[in-house]
Structures are given as structure tokens and as C-alpha cells.
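Spelled out from the first residue to the last, the chains are:
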Amino acid sequence: MRILVTGAAGFLGSHLCRRLLAEGHEVIGMDNFVTGRPANLAALFENRDFHFVQHDVTNFVYVEGPLDVVMHFASPASPIDYLELPIQTLKVGSLGTHKTLGLAKAKSAKYFLASTSEVYGDPLVNPQPESYWGNVNPVGPRGVYDEAKRFAEALTMAYHRIHGLDVRIVRIFNTYGPAMRPYDGRVVSNFIRQALAGESLTVYGDGSQTRSFCYVDDEIDGIYRLLMSDFVGPMNIGNPDEMTVMELARLVVELTGTSSGIQTRPLPQDDPRVRRPLIDRAREVLGWEPRTSLADGLASTIEYFRQRAESEFARPVVTGSRVSARPGDR
Ligand code: NAD
Ligand code: UDP
């Protein structure tokens, strides 16, 4: 198949492009590098089946020739990114989804939306089945991401119902692994970077909030199976092994062998108390479930972070009033 991947230079997008190429597809990657890095695609540029277009998908998207699939992964995804880029986040989830749906319709292509567990907000039901409608604060700081993705899901289903577009929606739960940015602010990258630098691990709140962490290879495998399936409608893809953030901190300390301590910081506003996917649907429809244990997944992520030289882990630079360009981080 000939497949367009938006957000190709990001963490998940770059893994996805690699998997699609390995399956024998031709891939066109598209990205504006707002949170992604060309380095994530370095190895792919030598592949004759890989093409890259630098473009902001909130503007009209033009792709020459036929397309079989459009996969829309572009969006800031880490809380510190979408809090820093609220309007871009809303635009890529709304306008970017509209443009890429329009492209899929024009090319009679299948459409695949990267959605998120954040559509469940701060869930009042745990674990979360796809049938749960969520508990989202639309006017809080996280609303820019949550509502953009909820709108994207609604628009995707409208194109399915009105235009007969063949669509897939994956709700991705916290995923980690090599190619994460050291300063992306997510809990796994923060803890590993801090542990390797001998700094205290920063636990927000009392650390009793829970998450369920999925290794990137498992996540991409679920995404690929969903792409190849006939299933229309949202599908949770995540690891149901739930743990507290404090437990994760202790595990990272143990696995890295660091002498770092653990310090607490204020809990960000609207930080979900719990998160855990119900994956019965993925098990039944896709025959999918995660295979990588947290200890194994963290070990290979720690190894990746170790290999990126300490010098490359440049500190955040404050320009004007906000933390912006994170050199070596993009
Ligand atoms: P990422 O920030 O590493 O990648 C996102 C990519 O999109 C970046 O390369 C960025 O430059 C690009 N991008 C953003 N806005 C763009 C625009 N207007 N035009 C073109 N490119 C643009 O994040 P990620 O973790 O790889 O997330 C990828 C997708 O998966 C996102 O849609 C995100 O919402 C979703 N997701 C990720 C997770 C996770 O745990 N990583 C969880 C839930 C959902
Ligand atoms: N968190 C933390 N310390 C950090 C970064 C994050 O305790 O240095 C917490 C955060 O408050 C949340 C959880 O870890 O409860 C997961 O945060 P992340 O940003 O990775 O993703 P989220 O699931 O909130 O989107």
C-alpha cells in the first residue's frame, strides 16, 4: 500500500514508519518538526520506499499520486508540549484532522486516526472500556488536547457516516520506549533522564495516581493490526498493567542503580487520578495483547537514553517568558 503518515518525525510516527516499511509498504512521512526531530527518521531516508514532506497539516495537504491509507499522528502529545502549544494542538486536532480526512476522501483512501486515552479525561470508571464517554474539563489547560482529540474522533465518524469513508480510531494509552525525547516532560523520560543524571526523580503530587505503560513495539503492533482489520470505531491499545507513579519511580531507581532520591512536586491541574485500558475488544477483534514486561521495556529505554550522549541532553533554554527550544531535544 501507499501510506501517508502525518507526525512521522515524532516518537510514535517514526516507529510506525519503520514498521510499515518493514511490512513492504511505501511510506510518505509528513511533519513540521514542531515537536518531532529529523534524527528520528535518519535511517529511513536511505530507504527508496520512504519519502518525506515538511508541511504543517493544518494547511491544505497535497500529495501527488494515489494513496491507499492516510494515518494522522501529528499532534503535540506530551502535557508540557500541549500546554506550551495550546492553539497549535487545537488546530492540528481540528483543522489537521479535517484536511487529512479531506485528502483521504479525495484519494478514496482508508483513514486512521491516532486518538488517546485522554478522551476519557479524569475517568470516573476504571478500567476504561471504549463505551465510556469520559470526564473532561473543556476549559482546563488539558482541555486543548482532550477536546481536540474528541473533536477529531467525532469528525472522523462523521466522514464515515456521511461520505462512507473507511476509518479506524486507535485510543493510545501511555506509551514509552526508544526515540522519546529526554525533555519531553513525560513521566518515563523524566524519571530515566533524572536517574541517569543523578538528579532526584520528580514525583508530582503524592504519586498515588496511576498509569498503565505500554512498550512502543507492542503499541505499534496493535496499531498495525487495527489498520489491517475491518473494525470501524474506537479501539483501546494499551497495556492494562496499572501502577502508581511512585511505584514507577522506585522501579526506575532500581533498574538504573542510581543513587538519586525521589522528591515531590505539585500535582498539575486536572491530572487524571487513574488510567487503565480495558483491552477486551483488541483481544477479541485483533488477537492482540501486549507482550513486553515493564522491566524489559524500561531496560531497553534506559539503554537508549544511556547511548544518547550526556552532552546531547542539553538543558532546557529559557527564551523570554517560556521554556522553548530544547537543543538536542528535537
Ligand atoms: P510526538 O510529539 O513525538 O510526535 C508528534 C509529531 O507530530 C511530531 O513529530 C510533530 O512535529 C508533529 N506535528 C505536530 N503538529 C503538526 C502539524 N501541524 N503539522 C505537521 N506535523 C505536526 O508525539 P507522539 O508521542 O509520537 O504522539 C503521536 C500521536 O500519538 C499523537 O497524535 C498523540 O496524540 C498520539 N498519542 C500518543 C501517546 C503516547 O503515549 N506517546 C498517547 C496517546 C496518544
Ligand atoms: N509525572 C510525575 N513526574 C514527572 C512527570 C510526570 O509524577 O516528572 C506524573 C504526572 O503528573 C502524571 C503521570 O506522571 O500523573 C503521567 O504523566 P505523563 O506526563 O507521562 O502523561 P499523562 O498520562 O499525564 O498524559
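The structure this text deals with has already been given above.
The present account deals with the structure reproduced in this document. (Residues numbered from 1 in each chain as written. Chains lettered and ligands numbered in written order. Predicted model: local features only at pLDDT ≥ 70, side-chain atom pairs only at ≥ 80, totals over all residues. Heavy atoms only, no water.)

Quick notes on the nonpolar core
Counting residues in hydrophobic clusters, the biggest one holds 58 residues, and the most contacted among them are V5, L20, M71, F73, I223, L248 and L298. Broken down by element, the residue count for this core peaks at seven residues, all from helix α7 (residues 245-256). Among the nonpolar cores identified, the runner-up in size contains 23 residues, and V70, L101, A152 and I169 belong to it. (Core = buried A, V, L, I, M, F, W, Y, C linked by side-chain atoms within 4.5 Å. Buried < 20%, exposed > 50% of the residue type's maximum accessible area, 1.4 Å probe, protein only. Helix = DSSP H or I, 4+ residues; strand = E, 2+ residues; numbered from the N terminus.)

Some thoughts on the site of ligand 1
Close to ligand 1 lie 30 residues, the nearest being L12, D31, T35, Y145 and K149. Taking G36, its main chain carries an N or O atom lying 3.0 Å from an oxygen atom of ligand 1. Between ligand 1 and V57, the relevant distance is 3.0 Å, taken from a nitrogen atom to a main-chain nitrogen or oxygen of the residue. The fraction of the free accessible surface of ligand 1 (820 Å²) that becomes covered by protein chains is 96%. Elements represented by at least two residues in the shell around ligand 1 include exactly α1 (11-22), β5 (110-116) and α4 (143-163). Of all the elements, β5 adds the most residues to the shell around ligand 1, at three residues. Residue composition of the shell around ligand 1, grouped by class: 14 nonpolar, twelve polar and four charged. (Near = heavy atom within 4 Å. Polar contact = N/O pair within 3.5 Å; in protein donor to acceptor, adjacent residues only side chain to side chain. Areas by Shrake-Rupley, 256 points an atom, 1.4 Å probe, with all protein chains shown as cover. Nonpolar A, V, L, I, M, F, W, Y, C, P; charged D, E, K, R; others polar.)

Regarding the side chain of E153
One can find E153 in helix α4. In contact with E153, other than residues within four places in its own chain, are L113, S115, V119, I169 and R171. (Contact = heavy atoms within 4.5 Å.)

Comments concerning the site of ligand 2
Surveying the vicinity of ligand 2 reveals 18 residues, the closest of which are T202, Y204, R211, D271 and R275. One nitrogen or oxygen atom from the main chain of V187 is found 2.8 Å from an oxygen atom belonging to ligand 2. Within the side chain of R275, one N or O atom sits 2.6 Å away from an oxygen atom of ligand 2. In the complex, 95% of the free accessible area of ligand 2, which totals 520 Å², lies under the protein chains. Residue assignment for the shell around ligand 2 shows that the elements contributing at least two residues are α5 (187-197) and β8 (201-204). Tallied by class, the residues present in the shell around ligand 2 amount to seven nonpolar, five polar and six charged.

Quick look at the packing of α1 against helix α6 (residues 216-228)
In the contact formed by α1 and α6, the axes pass within 10 Å of each other and the chain directions differ by 60°. When the axis of α1 is compared with that of α6, the two are oblique. You can see that α1 and α6 cross each other, and the crossing is right-handed. The residues of α6 that touch α1, namely those facing F11, L12, H15, L16, R19 and L20, are V216, D217, I220, D221, I223, Y224 and L227. Partitioned by chemical class, the residues of the contact of α1 with α6 number nine nonpolar, one polar and three charged. (Axes fitted to C-alpha atoms, helices over the stretch in contact; angles between N-to-C directions. Parallel < 35°, antiparallel > 145°, perpendicular 65-115°, else oblique. Left-handed = near helix turned anticlockwise from the far one by under 90°.)

So, unusual backbone geometry
That bond from N126 to P127 is cis: its omega, 0°, falls within 30 degrees of zero. Secondary-structure assignment places P127 in the loop between β5 and α4. Not every positive phi belongs to a glycine, and S108 is a case in point at roughly 50°. Exposure remark for S108: the relative accessible area of 67% places this residue in the exposed category. Of note, A179 is a non-glycine position whose phi angle comes to about 90°, a positive value. Of note, A179 is situated in the loop between β7 (175-176) and α5.

Regarding α5
Across the eleven residues that make up α5, a large majority, eight, are buried. Looking at α5, one finds that the buried residues are V188, S189, N190, F191, I192, R193, Q194 and A195. Of the surrounding elements, those touching the buried residues of α5 are β7, β8, α7 and α9 (294-307). The positive-phi residue at the C-terminal boundary of α5 is G198, with phi of around 75°.

Concerning the environment of Q88
Within the element layout of this structure, Q88 appears in helix α3 (residues 86-107). Placed 209 residues apart in sequence, Q88 and G297 show a C-alpha to C-alpha distance of 31 Å.

Thoughts on the environment of Q54
Tracing the sequence through the fold places Q54 in strand β3 (residues 50-54). Accessibility expressed as a relative area gives 56% for Q54, which makes it exposed. Once the C-alpha coordinates of Q54 and T6 are considered, the two residues, 48 residues apart in sequence, prove to be 9.9 Å apart. When sequence neighbours within four positions are dropped, the list of residues in contact with Q54 reads D31, N32 and F33.

The quantities given are spatial measurements derived from coordinates; they are silent on function.
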